[in-house]
Amino acid sequence: MDKIISDHITIVLVNPKTSANIGSVARAMNCMGLRNLAVVSPRCQIDRDAFSLAVGSDEILQSALIIDDLKSFLKNFSFIVGTTKKMGKRRLNFITASEFASKHLPLHLQSKTAILFGAEDYGLSMESVKLCQHLVYIPVSNKFGSLNLSQAVMIICYEIRKAFERKVFLQGREEADSDDMERLSRMIDETFEIVAYPEAFGAFSYSSHLKEILSRARLKKFEVHMLFGMARHAKYLSSLAFKKDNP
């Protein structure tokens, strides 16, 4: 997961004002598994203040790309998003940070993504905004919505991390489909038959009730496979016992 994030996503700081914020951005990225940093026309040097606040993230600062021409640099990327707190009527394709990370970014995992952050004092220029396919915003209080640059980067990186962690956690945990349930039901019926379990008939049969219970449980695929294995093993042991009793 970290390799996917680090290889395909680049944080781009456009015209940042202070080296301390660049260092803090590097630290935020490192905490969330991102490694690629590009700095466009900085108004500062990546100096001692930057490394002091990077805290263990020196490698990100040392490998950071210093760019003069943003438009030319972005030709290397197929998915470009900008971050903004302004939601004017003429600004289209707004998505929240959470929506970006969970719904849009996964569609571009095999391509390179650039996430643009504007300067601390005036944000992204209209020229930079026009280069973006989406604008990502972080919902903040109407009374005070001023996020520090490194705070904004941290929130976006956290949403990315959270979305990828959830994706990994849910692998194999998708809900079972009708084919899964049908296979399990057949195996249960065959097991009942082997053990000669007393059975009622018709709509009130035990197997019918059991199938209804299982369907209400909304089983995951791996849970169905586990139950299928248990039923198959019970069927196997029951068949051995039957052969022993009936040589």
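The model shown is predicted, which means the values in this text are computed figures rather than measured ones.

S.K.: What is the right way to look at the overall build of the protein chain in this model?
M.R.: A tally of regular secondary structure across the protein chain gives 11 helices and seven strands. When the 247 residues of the protein chain are sorted by exposure, 39% land in the buried category. Of the roughly 15000 Å² that the protein chain leaves accessible, carbon and sulfur atoms contribute 55%.

S.K.: So what exactly am I meant to see when it comes to the pairing of strand β6 (residues 113–117) here?
M.R.: In terms of residue burial, β6 counts as a mostly covered element, since five of its five residues are buried. Alternating residues of β6 divide into Thr-113, Ile-115 and Phe-117 and Ala-114 and Leu-116, and every residue in both groups is buried. One ladder, built from five bridges, connects strand β1 (residues 9–14) with β6; its direction is parallel. Residue pairing across strands places Ile-11 opposite Ile-115, the latter belonging to β6. Judged from the four bridges that link them, strand β4 (residues 79–83) and β6 form a sheet pairing that is parallel. Bridge pairing in β6 links Val-81 to Ile-115.

S.K.: Where do I start with a nonpolar patch on the surface in this structure?
M.R.: Judged by side-chain polarity, Ile-194, Val-195 and Tyr-197 come together as a nonpolar surface patch covering roughly 260 Å² of accessible area. In this structure, Val-195 sits in the loop between α9 (178–194) and α10 (206–216). With relative accessibility at 42%, the residue Val-195 sits in the partly exposed group.

S.K.: In this structure, what is going on with the side chain of Ser-128? I would like to understand it.
M.R.: Note on placement: Ser-128 falls in helix α7 (residues 126–129). Ser-128 gets classed as buried once you look at its relative accessible area, which sits at 7%. What Ser-128 contacts, discounting residues up to four positions off in sequence, is Val-14, Leu-70 and Leu-116.

S.K.: Hey, could you run me through the pairing of β1 in this one?
M.R.: A regular strand places its side chains so that they alternate between the two faces of the sheet. Taking burial as the measure, the six residues of β1 include six buried ones, the bulk of the element. Taking every second residue as pointing to the same face, both faces of β1 are buried, with Ile-9, Ile-11 and Leu-13 on one and Thr-10, Val-12 and Val-14 on the other. Bridge analysis of β1 against strand β2 (residues 36–40) gives five bridges, and the strand direction is parallel. When the bridges of β2 are listed, Val-14 appears paired with Val-40. Assessed by its sense of winding, the connection that carries the chain from β1 through helix α2 (residues 19–31) to β2 is right-handed.

S.K.: Help me out: how do you make sense of the nonpolar core in this one?
M.R.: Among the nonpolar cores identified, the biggest contains 38 residues, and Ile-11, Leu-37, Phe-100 and Ile-160 are the most heavily contacted of them. With eight residues, the top contributor of residues to this core is helix α8 (residues 149–170). Counting 16 residues, the second-largest nonpolar core is a separate cluster that includes Val-12, Phe-77, Ile-80 and Cys-132.

S.K.: What's the story with the packing of aromatic side chains in this structure? I'm lost.
M.R.: Applying the stated criterion to the full structure yields three aromatic pairs. Geometrically, the ring pair formed by Phe-94 and Tyr-137 is edge-to-face, given 6.0 Å between the ring centres and 75 degrees between the ring planes. Here Phe-94 is found in strand β5 (residues 94–96), whereas its partner Tyr-137 is found in strand β7 (residues 134–137), with 43 residues between them in sequence. Note that Arg-183 overlies the ring of Phe-228, its terminal NZ or CZ placed 4.3 Å from the centroid.

S.K.: How should the pattern of salt bridges be read in this particular structure?
M.R.: Opposite charge on two side chains permits pairing when their charged atoms draw close. According to the stated counting rule, one finds five salt bridges in the structure shown. In this structure, the salt-bridge partner of Arg-43 is Asp-121, at a minimum N-O distance of 2.9 Å. One end of the pair, Arg-43, is in the loop between β2 and α3 (48–54); the other, Asp-121, is in the loop between β6 and α7, and 78 residues separate them in sequence. With relative accessibility at 37%, the residue Arg-43 sits in the partly exposed group. The partly exposed category is assigned to Asp-121, whose relative accessible area is 43%. Residues Lys-162 and Glu-159 are paired through a salt bridge, measuring 3.3 Å at the closest nitrogen-oxygen approach. Of this pair, Lys-162 and Glu-159 both sit in helix α8, three residues apart, roughly one helical turn. With a relative accessible area of 13%, Glu-159 lands in the buried category.

S.K.: How do you make sense of the confidence of the model for the protein chain when you look at a structure like this?
M.R.: Caution applies to low-pLDDT regions: their predicted coordinates should not be interpreted in detail. Here the protein chain averages 84 in pLDDT, while 86% of its residues score no lower than 70. Per-element averaging of pLDDT across the protein chain places α10 at the bottom with 74 and β2 at the top with 98.

Calculation notes
- Residues numbered from 1 in each chain as written.
- Predicted model: local features only at pLDDT ≥ 70, side-chain atom pairs only at ≥ 80, totals over all residues.
- Heavy atoms only, no water.
- Helix = DSSP H or I, 4+ residues; strand = E, 2+ residues; numbered from the N terminus.
- Buried < 20%, exposed > 50% of the residue type's maximum accessible area, 1.4 Å probe, protein only.
- Areas by Shrake-Rupley, 256 points an atom, 1.4 Å probe, with all protein chains shown as cover.
- Pairing = 2+ DSSP bridges.
- Patch = residues over 30% accessible without salt bridge, like charges linked within 9 Å, V, L, I, M, F, W, Y side chains within 5 Å.
- Salt bridge = Lys/Arg side-chain N within 4 Å of Asp/Glu carboxyl O.
- Contact = heavy atoms within 4.5 Å.
- Right-handed = clockwise from strand over helix to strand, strands pointing away.
- Core = buried A, V, L, I, M, F, W, Y, C linked by side-chain atoms within 4.5 Å.
- Phe/Tyr/Trp six-rings, centres within 6.5 Å; stacked < 30°, edge-to-face > 60°.
- Lys NZ or Arg CZ within 6 Å of the ring centre and 35° of its normal.
- pLDDT = per-residue confidence, 0-100.

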